[in-house]
Amino acid sequence: MTVLSASGCSGSDTGTAKTTPSVAVPSATVEPGGLDQLPGQAFYVSDQTNAARQVATLRDQGRTAEADTLLRIAGQPSSQWLGEEGAQQIAEQVSRRAAEASRTAVFVAYDIPHRDCGQYSAGGAPDAATYRSWITGVAQALGDRKAWVVLEPDAVAHTLDNCGIKGDLAAERYGLLAFAVQELKKRPNVRVYLDAGNPGWSQDPDDMATALRKSGIAAADGFAVNVANFYPTDRNVAYGNRLSAALGGKHFVIDTSRSGNGALGADSWCNPPGRALGEPPTTETGRPNVDAYLWIKNPGESDGECGRGEPRAGEFWLPYALGLAQATR
C-alpha cells in the first residue's frame, strides 16, 4: 500500500495512532501446530497473524526464548484489518475459521475515502460509490457468522479537527458511515462499533457525540475508543462514559493492545518507546458500559515511518513487539 506524506493535516498532533491494514489472505485451513484457543476465550485467535508467523520463524531459527516471549502477543485474539485488497475473501475466510473454532472474529473496516488525512496510512476507496460497494461486499462475506466490526478508525474524529474534512466532504463521510452501519447490521450476528477517537484528541466529547449521531450510531451497537493508541483504561472509561451519556447509554469497546503503561504524551503516538501490552481481550470487563477490551491494533505492527528507522505502517517490527511483550505494566 502506498504511504503518502502528511498533506497539511494535523492528525499526528492529536494523539491518534495509525495503522495500515494487512492484505495477506489467510489460508483456508488451520496449519499444523496452530495456536491453541484458551478456555473461556470469546474471540478468535488466528495462527495466520504477523505475530504468529514470526513465532514460527523464530522457532525455526532456534530462538526459543524470543518465540516464547512473542507468544504473549500471538496467543491473544487480535483484529483482522480490511483494506482495499481482498477484503471480501479475507472477511469470509477469517469469519469461517472463527466459526469453526466456535469463536467470534474481530474486524476493522478501514477503506473510507480520504483515509488518515493523507498521512502514514493514506488511501481508501477513490469515491463514495466504490466505498458503498466495498462495505456491502464485506457485509455479505460475513454471512450469518458471528463477527464484531470496528468501523473506520479516525474517520469521525478527522471531521472535527483541521484535516479538511468539512462541509460537503464531512456530510458525505457521515452518510457513508451510516450506510456502512446499515449494511453490516443486515447480518444477524454482526456487532458494529463506530470509532470515536481517544481521550487525548482535541475534539470535545459533545461534538464527537453529535458527529456520531450523523454517522449512524443509533443503529450501531456502540463505539470504540483508543484505537491504536496508548491511553490507560481508566481514562478511556471516563471518556467513553461521557460519550455514552450523551448518546443515550450506548456501550463501547476499548483498544487495550498497547495501553499497559499508558501514553507517553499526547504527541507521542508513533511507535513510542517503553509501552506495554494492556488487558487481554475479553468481554468480562466488570464495567457496565464497556462491552469488551479488544486488541484492535495488532501489537508489534508499526505505526509508521516516524523518523527513527521504523518500518512502514502496518509492517511487523520484531524489536518493538518484543519490547511490548517484555515490558512490565
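No experiment lies behind these values; they were computed from the predicted model shown. (Residues numbered from 1 in each chain as written. Predicted model: local features only at pLDDT ≥ 70, side-chain atom pairs only at ≥ 80, totals over all residues. Heavy atoms only, no water.)

For R132, the location among the structural elements is in helix α4 (residues 128-142). Residues R132 and L176, 44 residues apart in the sequence, show an inter-C-alpha distance of 7.1 Å. Apart from the residues lying within four places of it in its own chain, the contact partners of R132 are L176 and F179. (Helix = DSSP H or I, 4+ residues; strand = E, 2+ residues; numbered from the N terminus. Contact = heavy atoms within 4.5 Å.)

Here we come to the packing of α4 against helix α5 (residues 167-184). Orientation of α4 relative to α5, taken along the N-to-C sense of each, is 20 degrees, at an axis distance of 9 Å. One finds that α4 runs roughly parallel with respect to α5. In this structure, α4 meets α5 at a crossing whose hand is right-handed. The segment α4 lies against α5, with A128, Y131, R132, I135, T136, V138, A139 and L142 engaging E172, L176, F179, A180, E183 and L184. Class assignment of the residues belonging to the contact of α4 with α5 gives a composition of ten nonpolar, one polar and three charged. (Axes fitted to C-alpha atoms, helices over the stretch in contact; angles between N-to-C directions. Parallel < 35°, antiparallel > 145°, perpendicular 65-115°, else oblique. Left-handed = near helix turned anticlockwise from the far one by under 90°. Nonpolar A, V, L, I, M, F, W, Y, C, P; charged D, E, K, R; others polar.)

We now examine the sheet that holds strand β3 (residues 147-151). In space, the seven strands of this open sheet follow the order β1-β2-β3-β4-β5-β6-β7, with parallel pairing throughout. The open sheet has two edge strands, β1 (80-82) and β7 (290-294), and neither has a second partner. Ignoring strand direction, the axes of neighbouring strands in this sheet form an average angle of 25 degrees. Where strand β6 (residues 251-255) and β7 come together, four bridges link them in parallel fashion. When the sheet's bridge partners are listed, I254 is paired in β7 with Y293. Relative to the sheet, α4 contacts β1, β2 (105-109), β3 and β4 (190-195), its axis offset from that of β3 by approximately 160 degrees. Seen against the sheet, helix α7 (residues 233-246) touches β5 (222-225), β6 and β7 and runs at an angle of roughly 155 degrees to β6. (Pairing = 2+ DSSP bridges.)

What follows is about the nonpolar core. It is characteristic of soluble globular proteins that their nonpolar side chains tend to be buried jointly. Counting residues in each nonpolar core, the largest one holds 57 residues, and the members touching the most others are F107, Y131, L151 and L184. When residues of this core are assigned to their parent elements, the largest contribution, eight residues, is made by α4. Contact partners of L151, with chain neighbours within four places excluded, come to A109, Y131, I135, L177, A180, V181, L184, V192, Y193, L194 and D195. (Core = buried A, V, L, I, M, F, W, Y, C linked by side-chain atoms within 4.5 Å. Buried < 20%, exposed > 50% of the residue type's maximum accessible area, 1.4 Å probe, protein only.)

Our focus in this paragraph is the confidence of the model for the protein chain. The pLDDT averaged across the protein chain works out to 87; a share of 87% of its residues lies at or above 70. The low-confidence segment residues 1-34, where pLDDT is below 50, has 111 contacts with residues more than four positions distant or belonging to other chains. (pLDDT = per-residue confidence, 0-100.)

The next subject is unusual backbone geometry. Phi at S102 takes a positive value of approximately 60 degrees, unusual for a residue other than glycine. Within the secondary structure layout, S102 lies in the loop between α3 (87-100) and β2. Look at N271: it is not a glycine, yet its phi comes out positive at around 50 degrees. Mapped onto the elements, N271 comes out in the loop between β6 and β7.

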